[in-house]
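Residue-level listing of the chains:
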Amino acid sequence: MDLSLSLIIFLPMGGMLLLFGFGKRIGEPGAGIVATLAVVGSFLIAVVLAFDFINGDGPAETVRWFEWLPAFGVEAELRWDQLSALMTLVVTGVGSLIHLYSIGYMRGDPGFGRFFSYLNLFITSMLILVLANNFALLFVGWELVGLSSYLLISFWFERPIAAAAGKKAFIVNRVGDVGFILALMLIFSVFGSLGFDTVFEGAHRGELTVTMATAIALLLLVGAAGKSAQLPLYVWLPDAMEGPTPVSALIHAATMVTAGVYMVARTGAIFELAPIAAATVAVVGGATALFAATIAIAQRDIKRVLAYSTISQLGYMFMGVGAAAYTAGVFHLMTHAFFKALLFLGAGSVIHGMSGEQDMHKMGGLARKMPVTFATMAIAWLAISGIPPFAGFWSKDEILGVVFERGGLWQVLWGVGLVTALLTAFYMTRMMWLTFFGEPRWDDGVEPHESPRLMTVPLVVLAGLSVVGGLVNTPFKATLEHFLDPVFEAVHLAHAPDGSLAWILAAVSVAAGIIGIGAAILRYRSRVPVEDGLGWRLLGNGYYIDDVYAGVFAGGGKLGADWLAFRFDVRGIDGAVEGIGSLTRKAGGWLRPLQTGFVRSYGLAIIAGAVGLLAWFLSRGGI
Amino acid sequence: MAVTPGWYMALAAVLFIIGAGGMLLRRNALVMFMSIELMLNAVNLTFVAAGRELNVLEGQVAVFFVMVVAAAEVVVGLAIIIAVFRRRQTASVDELTQLRG
Amino acid sequence: MVETVVFVIFGLAALFGAITMVWARNPVYSAMGLMMTMFSIAVFYVSNSAHFIAVVQVIVYAGAVMTLFLFVIMLIGVDKEEDRTENLPIQRPLALVLILSFGAAVVVAGRLAWTTGIRNPLDPVNGTVEAIGDELFKRWVLPFEITGLLLIVAAAGAIALAFFKDDDDAEVDPWR
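Residues numbered from 1 in each chain as written. Chains lettered and ligands numbered in written order. Predicted model: local features only at pLDDT ≥ 70, side-chain atom pairs only at ≥ 80, totals over all residues. Heavy atoms only, no water.

1. Thoughts on the overall build of chain A
The line we're drawing: Only runs of H or I of at least four residues qualify as helices and only runs of E of at least two qualify as strands under DSSP, and these elements are numbered from the N terminus. Relative accessibility decides the category of a residue: with a 1.4 Å probe and only protein chains considered, values under 20% of the type maximum give buried, values over 50% give exposed, and everything between is partly exposed. Only heavy atoms matter for contacts: two residues are in contact if any of them lie within 4.5 Å across the pair. The method behind every accessible area is Shrake-Rupley, applied with a 1.4 Å probe, and residues are considered shielded solely by the protein chains displayed.
When you go through chain A residue by residue, the secondary structure sums to 24 helices and two strands. Every one of the 623 residues in chain A was classed for burial, and the buried ones make up 56%. For chain A, contacts bridging at least 24 residues in sequence account for 81% of all contacts bridging at least 6. Here chain A displays about 24700 Å² of accessible surface, and carbon together with sulfur accounts for 68% of that area.

2. Observations concerning the packing of helix H1 (residues 5-25) of chain B against helix H2 (residues 27-47) of chain C
Let me state the cut-off plainly: Orientation is described by lines fitted to C-alpha atoms, with helices fitted over the stretch in contact, and by angles between N-to-C directions that extend from 0 to 180 degrees. Angular relationships are summarised with four words: roughly parallel below 35 degrees, roughly antiparallel beyond 145, roughly perpendicular across 65 to 115, and oblique for the angles in between. Throughout, a crossing is termed right-handed when the near helix is turned clockwise from the far one, and left-handed when it is turned anticlockwise from it by less than a right angle.
The N-to-C vectors of H1(B) and H2(C) enclose an angle of 160°; their axes lie 13 Å apart at closest approach. Comparing the axis directions of H1(B) and H2(C) gives the class roughly antiparallel. Like other packed secondary-structure pairs, H1(B) and H2(C) cross with a definite hand, here left-handed. Facing H1(B), whose interface residues are B:Tyr8, B:Leu11 and B:Leu15, H2(C) presents C:Thr37, C:Ile41, C:Phe44 and C:Ser47.

3. Thoughts on the nonpolar core
Let me state the cut-off plainly: Among buried residues, those of type Ala, Val, Leu, Ile, Met, Phe, Trp, Tyr and Cys that are joined through side-chain atoms within 4.5 Å constitute a nonpolar core.
Among the nonpolar cores identified, the biggest contains 198 residues, and A:Trp80 and A:Met431 are the most heavily contacted of them. Broken down by element, the residue count for this core peaks at 17 residues, all from helix H15 (residues 326-353) of chain A.

4. Looking at the pairing of strand E1 (residues 61-69) of chain A
Residues and elements named next belong to chain A. The line we're drawing: Any two strands between which DSSP finds at least two bridges are classified as paired.
Where E1 lies against strand E2 (residues 74-80), seven bridges are found, and the strand directions are antiparallel. Paired with Leu69 across the two strands is Val74, which belongs to E2. Hairpin connection, E1 to E2: the antiparallel pair is bridged by four residues, and Gly73 has positive phi, about 65°.

5. Side note on the interface of chain B and chain C
Formally: A 1.4 Å probe defines the accessible area here, and the buried area is the portion of it lost by two parts on being joined, summed over both. Any Lys or Arg side-chain nitrogen found within 4 Å of a carboxyl oxygen on Asp or Glu counts as a salt bridge. Polar contacts here mean pairs of N or O atoms no more than 3.5 Å apart (in protein, one a potential hydrogen donor and the other a potential acceptor; neighbouring residues in sequence count only if both atoms are side-chain atoms).
Of the residues lining the interface, 71 residues belong to chain B; the matching set on chain C comes to 87 residues. Here chain B packs against chain C, burying approximately 7300 Å² in sum over the two surfaces, 71% of which is carbon and sulfur. Looking at the side of chain B facing chain C, the largest losses of area belong to B:Met34, B:Asn55 and B:Arg87, adding up to 10% of the total buried there. For the pair chain B and chain C, the number of links is two salt bridges. Its salt-bridge partner being B:Arg52, residue C:Glu3 comes within 3.1 Å of it at the nearest N-O pair. Counting across the interface, chain B meets chain C through eleven residue pairs in polar contact (both at pLDDT 80 or more). When contributions to the side of chain B that touches chain C are tallied by element, the ones reaching two or more residues are H1, helix H2 (29-54) and helix H3 (58-88) of chain B.

6. What to know about the confidence of the model for chain C
Residue and element names in this part refer to chain C. Just so we agree on the cut-off: By definition, pLDDT measures how confident the predictor is in each residue, and it falls between 0 and 100.
Looking at chain C as a whole, the pLDDT averages 84, with 89% of positions reaching at least 70. Note that residues 170-174 has pLDDT below 50 and, in this model, three contacts with residues that lie over four places away or in other chains. Across the assembled chains, the prediction reports ipTM 0.90 with pTM 0.68.

7. Quick notes on the interface of chain C and chain A
Interface extent is often summarised as the accessible area lost during association of the parts. Convention followed: In this classification, Asp, Glu, Lys and Arg are treated as charged, Ala, Val, Leu, Ile, Met, Phe, Trp, Tyr, Cys and Pro as nonpolar, and every other residue, Gly included, as polar.
Taken together, the contacts link 14 residues of chain C with twelve residues of chain A. Between chain C and chain A, the buried area comes to about 1100 Å², and carbon and sulfur atoms account for 80% of it. Between chain C and chain A we count zero salt bridges in total. Counting the contacts that link chain C with chain A gives one residue pair in polar contact (both at pLDDT 80 or more). Looking at side-chain class alone, the side of chain C that touches chain A contains ten nonpolar, three polar and one charged residues.

Okay, here's the thing in structure tokens:
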């Protein structure tokens, strides 16, 4: 157990080190094969190890590596329970497929070996994140995935846009990390430990006041919002699409961005004590879901549609975990990993076939040219639109059901989620129609063609998962919920309604999806409408949030820096330094006359001192 | 009339004051140096007298060390005086005021 | 009684020598006055039963140190009379005031107590070579060694100061 669990991490780590050192020499496609085999190996080990959990309720286990920070009571320790097992399976499973796909997608790229070493680095980091048994190791993984995300976004660093996007992602994530670090400090100050067991058991025993729990939970939310691209820290994710498409699929859709959801689910014991913070999580999620969905409607770049769609779906997950439906949130995380990775890989296949074109207005009619890509993406489209029995329907419906069941103001949130579902169906249909149907609008010289087998096989596998992935947790047979029960047994879980209400809610959300699809089909069926009204431009530019941030934060920072550099530094700091200098000089000038240069004056001073000392002794009444 | 240590102390005080006066009033570096030696001798006398009064040897040991230090000081000091005299052709300290502030 | 006589005679001699040293215009007279004072003090050492110290006083001070002074006086030249006009205006009055107040303080202190501390109840100590050596090489051996080091450094410094003279100091003298 010890070794095999460690191997899950060590395999991709070894692959990464090997490719760092010899990636160029191994060359193409050897480097890709090595990296893929490493991840597939991890996946197979994870499957074997997870069998205990699937068959019965195998106990959660820990593997201690070494004592790391004794002052904080922190050990480098892994935790293997149902939640981390599920995350590991998703990460390595989807990761394997995307590695495989990348061998085809990155063919001929000069940085082939480097790309796969980064991918393996990412898998390693993500596994450290999900397998950590304390907040410190979790944070290490958290930062490492941030690093690999940065490296992969700016993978084509010769392009200034890509380099800038990488920096943007890094900086925005730093903002979130501040919150995370502060939360860790608070946790340590309360519990004197960073270990999961100590903290959660302590929280369960009531060692945490509501105020403190709320503070910790809100700070954790800041960190999660940074990593999972929620309002207001979502701005880096659309730009992250500058990276290679498999990266977008793996990191910025399927796995890394869900780290925030995982973290909230993992720390459910804390959020349970802070209902206000939990509600804040749900509200942030709902607002993000709606907000990003409206922006996605007006995007022309196929990958940006998917990016905003990812933000929106992450909002769903936050809504779920905020409503204490951790199973539902993690369930949606899983299904979303399948169909969103599929969508991204499909988009990558389209871009590949279109020789790098990303503007949907220059596509159209690709269904016949790329049948496999079209068929698999159509499944993902139905899945994300919430059409049963595809995967997205079950998970999305469960989240909406839980939120509705909470009653009161939560039902407003349910309404938001429903509108988002409608919008989601609309913009996904728009994307499908602009890409695959209608008249070809290709640029001259573009010869669309189906992608090689290496790329379509992962599509097909993911399509299969998108069809059946939802069946693991239906209202009829809640396998996943039972599977995750041991992890959340200490936490009070919210549940979806059952009986006729469940049917009504499901019908409503399916209706929303169908309305969205239908509206989009009606609008884009025959022609591509001109979309350049004021509203379209506002949405297309993401409400100009980037410009606002640039003006407020970057501009404000620049103003502040200017003030510091040219006012405060020149007048204040330099003034103080020069003031001290001239004061010293002046004081020296005043004291100069004391140094007459006459030895006898100095002698006089010595005798005066002696007399003074003697007088002092005598005044004290004797020697 | 028996001689008490106080007599020696008083004599030493007078010698010390004369030495101090010489140091403050004379300008010849050599004479100033001699004045300092005189002050050291006066203090030595008090050490010995006090040692006798208290019936301990430490007073004389202290005198021994003072003598060694004074000898070292005289050696270096006189060397400095000669070095200065070579350059300035004077032994008057009032002319050596280059370190004036 | 004998000690009283000795004290009076050599006390006057010491005072006379000291005043001569300070007052004489010719530094040779000053040196002679100082030598006289030192001899007198050596006598006082003897009458305080500090025999070893008395001998050292004569050999080191009256002998070696004063000889050194005389050598230097010869090197510098005895005919240099210094003029006694004071060019530091407040030096004399201030010096007088300070010296007098110092004397007054000593008198006041002396009226309280000339010595402080606890008297050793044993037999009177005798500053023979044996007794001093016993003390010096047992209890004070480390300071004793350090003074040896100090003397070596002083000798080296004196040699350095006297030995390295620049040839054309008249031209490059930065003080002129």
